[in-house]
Structures are given as structure tokens and as C-alpha cells.
Amino acid sequence: MVSKLKINSRRELSKRDKKIFGQFLEHFHRQIYGGIYDPTSAFSENNGFRQDVLEALKRIQVPIIRWPGGCFVSAYHWKDAIGKQRTPYFDKAWRVEESNEFGTDEFIEYCLLLGAEPYICTNAGTGSAEEMSDWVEYCNLPSEGKWAKLRIENGHPAPYKVKYWSIGNENYGHWEMGAKDVKEWGRFVRESAKMMKRVDPTIELMAASISDLDWNLDLLREAGQYLDWISIHDYWDKVQENNDLSDYETCMAYTMDIEQPILKTKYILGSLGYLGKIRIAYDEWNLRGWHHPHVNSGTEDYLTPRDKNDINSSYTMADAVFTACFLNQCLKHSDVVGMANFSPIVNTRGAIFTHQEGIVLRPTYFVFELYTRYLGDIIVDSWLSESSIFHVDTANMTKSIPNVDAIATKRSGSEGLRVALINRHPDQAESVTVQLDSSIQYSNAVLYSVVGDSKDAYNDIGKEHVRIIEQHLNWKIPSDLTVEIQPHSVNVLVIK
Ligand code: AHR
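Residues numbered from 1 in each chain as written. Predicted model: local features only at pLDDT ≥ 70, side-chain atom pairs only at ≥ 80, totals over all residues. Heavy atoms only, no water.

**Re helix 3 (residues 129-140)**
Because each turn of an α-helix spans 3.6 residues, side chains separated by three or four positions end up pointing in the same direction.
So, step 1. Taking 1.5 Å of rise per residue, 12 residues should cover 16 Å, and helix 3 covers 16 Å from first to last C-alpha, within 8% of that figure.
So, step 2. Taken together, the buried positions of helix 3 are occupied by Ala129, Glu131, Met132, Ser133, Asp134, Trp135, Val136, Glu137, Tyr138, Cys139 and Asn140.
So, step 3. Buried residues along helix 3 sit in contact with strand 3 (64-67), helix 2 (104-114), strand 6 (117-122), helix 4 (145-153), strand 7 (164-167) and helix 5 (182-199). (Helix = DSSP H or I, 4+ residues; strand = E, 2+ residues; numbered from the N terminus. Expected span 1.5 Å × (residues − 1). Buried < 20%, exposed > 50% of the residue type's maximum accessible area, 1.4 Å probe, protein only. Contact = heavy atoms within 4.5 Å.)

As C-alpha cells, then:
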């Protein structure tokens, strides 16, 4: 199968914000306790943080972490999780006891060790505008007022300078604690934003939203003047209740549905004059929805099924290819998408799985490693002049899917090209001819690839089948460069 990619590297389209490689951690199952924080682990230091997890996160250059939720945050009170006396409470979102052992100070410490920006999502469910703005005081005021003084008393004299804050999480949804209707939401966000920005006008604010006109019209008319971001979430394989994970081909069909919410939100922002002022934060996304059935049930076991998120064979090359397609859309629309947070990064449906003897790097992990290490920050013009297509017929959809998904980049100040080439096809390799600007002198090409021995390949304890390989290409410069990319693979072609 053959595709042709034309690149006009002199036409620079946009510059990507590295926050599109962001991550999310929620107080759910083993993401925090038993994930990044486990004082009983042989891998943890005195601060309780697993060093093997921290090193793996450093390797993918995590730029920002969103915390503490997610649904969890909509009945969370941050003041119970600071200082020497932590107050355990019953978390009504996930119906478990939260010890509050890991709170704001621990989260900030973790981000500092990792070198990632902290992004705090506030409680717009049972919380108030005052509780949110008190949180900004605690984190960002040098010493004025009760909450900054309490931070100092807790042993943290320097302000944390938390720049990114969200008002709420999915408050539009009936499943959320303290859900609100469209009229309530606009006013609530405005009043909360007003107070938070009066504490620290330099913070960047986002609000829970969806790519829906009615919800956004009211939100943006009431509070748009205070917002810097609009937050949207999506999970395409909706297995929250049944855990019947979609197969590879269906997941490839899902890759054709990634762009639509971005475009819809962009056009809503445009229609209200907010393009260029408000950007999109896709601050929860994952191919797979988290599995947590029966959360409202009075009779069914709602806890044990959550352990099914830990089955590593669930996460295959479908997850890796979908992740790359999602990031390609963020790069393509980097004029309006400035942040994205993979949900989550550790355990549940994440890229890193922790167990007593170590960690497992799931296929998605290698996509983040490939993209953060080898892609550039400038998006240049490229288009597929020829592309093979395959078809997927499932119970409720028929999709024609281009084998190849590609985007071309370069690094600021360099003419070298760094091209993401994805082969979605389940079992056929693809020959891609890259047509370059002949006026630019290139000298060599290397292909870095995330590969697995089948479309259903996965990693598990003692089983490392999915990995990154490197191939130095023989290329008769200055003719066109033809590369063969494996089926179900994610590749970055570096041309210097
Ligand atoms: O399934 C996890 C939940 O998905 C997150 O807590 C919430 O933000 C989203 O609905």
C-alpha cells in the first residue's frame, strides 16, 4: 500500500504549546495511593513518592499535571488536607474513605520534583467561590491573610505560584456532585472567577465545559471575560459500566471522531469573539473510559470491578495508535488547543502501571516518549497527496479510514524535519513517499517507531513486547524519501 506526503517546510502554520502533552491524576483507585504515592513501597523515599514512577514521568517530560479530579473534586474540601492534622472523610464521588494524607502541599512537592506545572481543579460542586479563592490565597499570596500565613506555618514560606486553575469538573453532568444547570453555571463561574482573580490576577482560569452551544453560550456570555481556557473532556470507548473493550478496528474508527469536538468548540469560541483570547484545554481524554460500574448501586459491588482497570492486556497498539492520532489533532489545531491532559497517567487506564516489584510501561507510554523527544514545536504545511484507505464496519458505524495519519514539524531555529507518521492499518505495512523542498539540503534520515508484534500486543509484568526501535535509512539524496511503516505503528521520521 502506498501513500504520498508533500511537505512545504517554509510554510509555518503554528507553534504547539508543550502543555498538549499534559497529564491528569485523580484520587481514584490506585492513581495517588499505590500509584505515585506509596510510603510502604521499596521504591519510595521518605516523602512517600515512588522513585521508579517519578523517573518514568521525567522520561516523558511531563509539562503539567491536573489534580485532584475529576468527579472526586466536586465534594472535596482542600482545607482538610493540609497541615499536621489531616481529616479523613467519605468521598461521595467514589464512595470510599479519603485519608487526605496526600493534599495540596504534597501535590506541589511532587510537581517540583518532576519539573511539571501544577494545575488545580477546584470544587464547584459542593464548594464555594470563597473556598476556591482561599485556595488561591494559600498557594499564591506571599504572606497576606490567613491562608498564606497557614502555608508558611505548614513549613512552606515561598508561595507556590500555581498558574493554572479550573472552576469545576463536568458540573453539567448528572453524575457529578453538585451538578448545575446552564443558567446557574454561567453566574457561578463568573462570581468564582472574579474572587480568584482578585487574589491573583496572573492566574489562568478555565471552566468545566463541553462542545455544546447552549452550555457555552451562557458560560461565555456570563464569564468569558474572566476565562483564559475552556475545558472539554472525552473518552471514546465508553466502558465505564461494562468493560467490554472495543477491538483494534473499532478503535481505529474512533480516531475519525477526535477532531469534531475541537472544531465545534473552536467555532463556538469564534462565534462569540473569543478566538485568540480563550484556548481549549482538552484536560481529560483517553481512548478508554475508566471502569467503575454500579457507583450508584445499593446492592451491587462497586469496588472490586475497579481492579479490572489493572488488566494490562487491555491496553494494546490500539491505545498507542489512538493516542498518536489524538496528539496529531492537537498539533494540527495548536492555534486553539493549548493543553491536553491524558486521563490518567498512572494506573487505571494510564500509561504506567505500578506493582510491588516495579512498573509496567503500557503502549501509550512510548507514544508520549516518542513525541516529546523527537517532534518539533513548529507545525509546517504538509498534505497527503495520495493515501490508501481501509474500511471498518461495526454494529453501529461504517468508516473509511486513511491508513496514514501524518503531521510535519520542525524545531525552532532548525531546518530539520520531524514528521509523525501513523499507520492505522491492522495488518498491512505502508510505503510512504515523502516529497521535500528540493532547495533545502538534507543529509540523513532516522525513523523512530513504536512497534508491537501484533495489533493486540501489550506489555505486562516480565513481558516487554511493545517498545521503540530506531532505523537509520539509506536515502539517495536529493530524491524523494520513501519509508515503510509497520502496521499498527506510530513513527517519527527525523530528517536532518
Ligand atoms: O471516569 C472518570 C471520570 O470521568 C472523571 O472523574 C470525570 O472527570 C470524568 O467523567
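**A few points about the nonpolar core**
So, step 1. Ranked by size, the top nonpolar core spans 131 residues in total, and within it Trp165, Ile167, Trp285, Phe326 and Tyr371 carry the most contacts.
So, step 2. It is helix 9 (residues 317-332) that provides the largest number of residues to this core, a total of 11 residues. (Core = buried A, V, L, I, M, F, W, Y, C linked by side-chain atoms within 4.5 Å.)

**Digging into the side chain of Asn312**
So, step 1. Tracing the sequence through the fold places Asn312 in the loop between strand 10 (279-288) and helix 9.
So, step 2. When its relative accessible area of 3% is taken as the criterion, Asn312 is described as buried.
So, step 3. Engagement of the side chain of Asn312 in a polar contact is seen with the side chain of Asp460, the distance being 2.9 Å.
So, step 4. Residue contacts for Asn312: discarding those within four places in its chain leaves Phe353, Val360, Arg362, Tyr458, Asn459 and Asp460. (Polar contact = N/O pair within 3.5 Å; in protein donor to acceptor, adjacent residues only side chain to side chain.)

**Observations regarding the domain arrangement of the protein**
So, step 1. Segmenting the protein into domains produces domain 1 (3-11 + 378-495) and domain 2 (17-374).
So, step 2. For domain 1 versus domain 2, the distance between C-alpha centres works out to 30 Å.
So, step 3. With 42 residues of domain 1 at the contact, the number on the domain 2 side is 35 residues.
So, step 4. Around 3,100 Å² of area is buried between domain 1 and domain 2 when both sides are counted, 70% of it from carbon and sulfur atoms.
So, step 5. Summed over the shared surface of domain 1 and domain 2, the number is two salt bridges.
So, step 6. Note that Glu249 and Lys455 form a salt bridge whose closest N and O atoms lie 2.7 Å from each other. (Domains from an automatic or database assignment. Buried area = accessible area lost by both parts, 1.4 Å probe. Salt bridge = Lys/Arg side-chain N within 4 Å of Asp/Glu carboxyl O.)

**Some remarks on unusual backbone geometry**
It is generally the case that most residues other than glycine have a negative phi and that most peptide bonds are trans.
So, step 1. Each neighbour pair has its own omega, and for Trp67 with Pro68 the value is 5 degrees, a cis peptide bond.
So, step 2. If you trace the backbone, Pro68 turns up in the loop between strand 3 and strand 4 (89-91).
So, step 3. Residue Pro344 is reached from Ser343 by a cis peptide bond, and omega for that bond is -5 degrees.
So, step 4. A positive phi is found at Glu170, a non-glycine position, where the angle reads about 50 degrees.
So, step 5. As for its position among the elements, Glu170 is in the loop between strand 7 and helix 5.
So, step 6. If you check the backbone angles, His294 has positive phi at about 60 degrees while not being a glycine.
So, step 7. Its location among the elements puts His294 in the loop between strand 10 and helix 9.

**Side note on the site of the ligand**
So, step 1. Every residue close to the ligand is listed here: Glu26, Gly70, Cys71, Trp94, Asn169, Glu170, Trp175, Tyr235, Glu284, Trp290 and His292.
So, step 2. Here an oxygen atom of the ligand and a backbone polar atom of Cys71 are 2.8 Å apart.
So, step 3. In this structure, Glu170 approaches the ligand through a side-chain N or O atom, which is 2.5 Å from an oxygen atom.
So, step 4. Protein coverage of the free-state accessible area of the ligand, which is 280 Å², stands at 93%.
So, step 5. Mapping the ligand onto the cavity grids shows that it belongs to the largest pocket. (Near = heavy atom within 4 Å. Areas by Shrake-Rupley, 256 points an atom, 1.4 Å probe, with all protein chains shown as cover. 1 Å grid on protein atoms, 1.4 Å probe; cavity = no way out; pocket = protein on both sides within 12 Å on 5 of 7 lines; lining within 4 Å. Sits in = over half its atoms within 2 Å of the grid points.)

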